[in-house]
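# Close look at the chain arrangement
The lines below spell out each chain.
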Amino acid sequence: MKNLAILGSTGSIGRNALNVVDANPTRLKVVALAAGDNAMLLAEQAQRYQPAIVAMATSDGVDRLRQAWGAAPRPRIDAGQDGLIAVATHPDVELVICASSGTAALEAVVAAIDAGKAIALANKEVLVMAGALVMEAARRRGVAVLPIDSEHNAIHQCLHGRDASEIRRLILTASGGPFRDFSRDALERVTPEEALRHPTWQMGRKITIDSATMMNKGLEIIEARWLFDMPPDRIEVVIHPQSVIHSMVELSDGSVIAQLGVTDMRLPIQYACSYPDRWESTLPSLDLVRLGRLDFLSPDMDRFPCLRLAYRAARSTGTLAVAMNAANEIAVEAFLDGRLSFAAIPRVIEQTMDAHDEERVESVEVVRRADGQAREYARELGRRLELKVLRSST
Ligand SMILES: NC(=O)c1ccc[n+]([C@@H]2O[C@H](COP(=O)([O-])OP(=O)(O)OC[C@H]3O[C@@H](n4cnc5c(N)ncnc54)[C@H](OP(=O)(O)O)[C@@H]3O)[C@@H](O)[C@H]2O)c1
């Protein structure tokens, strides 16, 4: 029996993780759950899985959770940053599934590593912001950081048992998102509703927009750089519209090892839970004949500048990636609220990066300071671009 904490249990990955628990009742047990705002769903999950501790992002959320709960005996309930840390470091927890969106889980993941817990990481922002710190802490403490993101999970499977000297490059596949074939002009007019329709994956709103701008792949380049200790110029992105090859590794003799599978996040989640073993799963087999073909294309960094910006951030060992990530979150939020055009997202990010004073990533405090400054800058920039949008539409 492996005891789990799930950060972000009410989200897309969190709910899939609970499906994996349901499919493996003799192997996995939920000990701790954390959510952001969805008190009703967390109450349902906690009643079903009976964790020892739960946490919500705010004390208002905790009040709603208590109301939803009623009179039945309750687990310990915590709130905010301390709540997330308490969930991730609960003494009974062995594996922390980090499936919360955004940057909130950074301190909790670092605390869990310090407490000797293994980490199964779906969240990209933690490594994008503080990859050097997190991976160094994991090495020092001797704990595993197992990727759930399907591309990194695929690479982890392809690398299994291989020495770093055997690896020539990593090849990340990308669906290309819903606007793969759109012209620059057409990209200017894209709406949030269109951007939220991903062709192959069902995901949360933020990551779906990141897929449409290709910033998602950019974040993955930075994630791969830290997870696999690989310089960015040896990480290549290939558009593969069918999303059947989840990623590949080229070895020093030119052989390419790929991991293929159905597009279902329960597969990488289960692998992260079972590693180094493999468990049976009820997911359907891949029907290659029905699939018929696999296509590959080069990404277009002119139409999708977020990818170029991410390579630039990946080459820096300082806080440039923190600034990029912060500006992206602000810009995506403004786009989803209808305040910013789709094409303005990379503009906000690039200008924020240009203005950023880089620092060495020495501590979580440095990361948080850079994150706060970049958010403020991007917000102001977003407001100015908003005004221009309003003027040009009147
Ligand atoms: N979805 C995928 O297929 C996929 C694939 C690869 C990687 N990822 C990565 O995995 C992460 C989660 O993605 P998702 O698609 O599952 O997102 P999502 O559906 O939006 O879910 C986000 C989860 O995070 C929780 N949350 C937000 N702020 C929080 C806070 N301050 N404290 C605690 N919990 C908080 C949310 O809680 P409430 O709902 O209660 O507010 C929710 O449970 C992202 O970093 C994403 O890039 C996702």
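Located above this text is the structure these notes cover.
Residues numbered from 1 in each chain as written. Predicted model: local features only at pLDDT ≥ 70, side-chain atom pairs only at ≥ 80, totals over all residues. Heavy atoms only, no water.

Residues Leu-95 and Ile-97 line one face of strand β5 (residues 95–98) and the alternating positions Val-96 and Cys-98 line the opposite face, and both faces are buried. In terms of strand pairing, strand β1 (residues 2–7) meets β5 through four bridges, oriented parallel. For Leu-7, the partnering residue across the bridge sits in β5 and is Cys-98. Alignment of β5 against strand β6 (residues 118–121), held across four bridges, turns out to be parallel. Counterpart to Cys-98 in the pairing with β6 is Leu-121. The handedness of the β5 to β6 crossover, carried by helix α5 (residues 106–114), is right-handed. (Buried < 20%, exposed > 50% of the residue type's maximum accessible area, 1.4 Å probe, protein only. Helix = DSSP H or I, 4+ residues; strand = E, 2+ residues; numbered from the N terminus. Pairing = 2+ DSSP bridges. Right-handed = clockwise from strand over helix to strand, strands pointing away.)

What follows is about empty space enclosed by the protein. Across all of its chains, the model carries one cavity of 30 Å³ or more by this definition. Here the largest cavity is characterised by a volume of approximately 80 Å³. Every residue lining the largest cavity is counted, 16 residues in all, and those nearest its centre are Val-128, Trp-226, Ser-316, Gly-318 and Ala-321. Elements that contribute at least two residues to the lining of the largest cavity include exactly α6 (125–141), α11 (215–227), α14 (305–315) and α15 (320–336). With five residues, α6 is the single largest residue contributor to the lining of the largest cavity. (1 Å grid on protein atoms, 1.4 Å probe; cavity = no way out; pocket = protein on both sides within 12 Å on 5 of 7 lines; lining within 4 Å. Points joined across faces, edges and corners; volume = space filled by probe spheres on them.)

The next point concerns the environment of Glu-125. With respect to the helices and strands, the residue Glu-125 is situated in helix α6. Residues Glu-125 and Phe-182, spaced 57 residues apart in sequence, show a C-alpha to C-alpha distance of 28 Å. Once you skip the residues sitting within four places of it in the chain, Glu-125 turns out to touch Gly-102, Thr-103, Lys-206, Asn-325 and Glu-329. (Contact = heavy atoms within 4.5 Å.)

With that settled, the discussion passes to the packing of aromatic side chains. Enumeration over the complete set of coordinates arrives at four aromatic pairs. Residues Phe-179 and Phe-342 carry aromatic rings whose centres are separated by 5.3 Å and whose planes lie at 80° to one another, so their mutual orientation is edge-to-face. Of this pair, Phe-179 sits in the loop between β8 (167–174) and α8 (184–188) while Phe-342 sits in the loop between α15 and α16 (344–355), and the two are 163 residues apart along the sequence. Overall, the relative accessible area of 2% leaves Phe-179 in the buried class. Residue classification places Phe-342 among the buried positions, given a relative accessible area of 5%. (Phe/Tyr/Trp six-rings, centres within 6.5 Å; stacked < 30°, edge-to-face > 60°.)

Before going further, it helps to spend a moment on the layout of surface pockets. Where empty space is left in the structure can be found by rolling a water-sized probe over the atoms. What the second largest pocket holds in volume is close to 600 Å³. Taken together, 25 residues make up the lining of the second largest pocket; nearest its centre are Met-135, His-156, Leu-159, Leu-227 and Phe-228. Mapped by element, the contributors of at least two residues to the lining of the second largest pocket are α6, β7 (145–147), α7 (150–159) and α11. Taken together, the residues of the lining of the second largest pocket sort by class into 16 nonpolar, four polar and five charged. (Nonpolar A, V, L, I, M, F, W, Y, C, P; charged D, E, K, R; others polar.)

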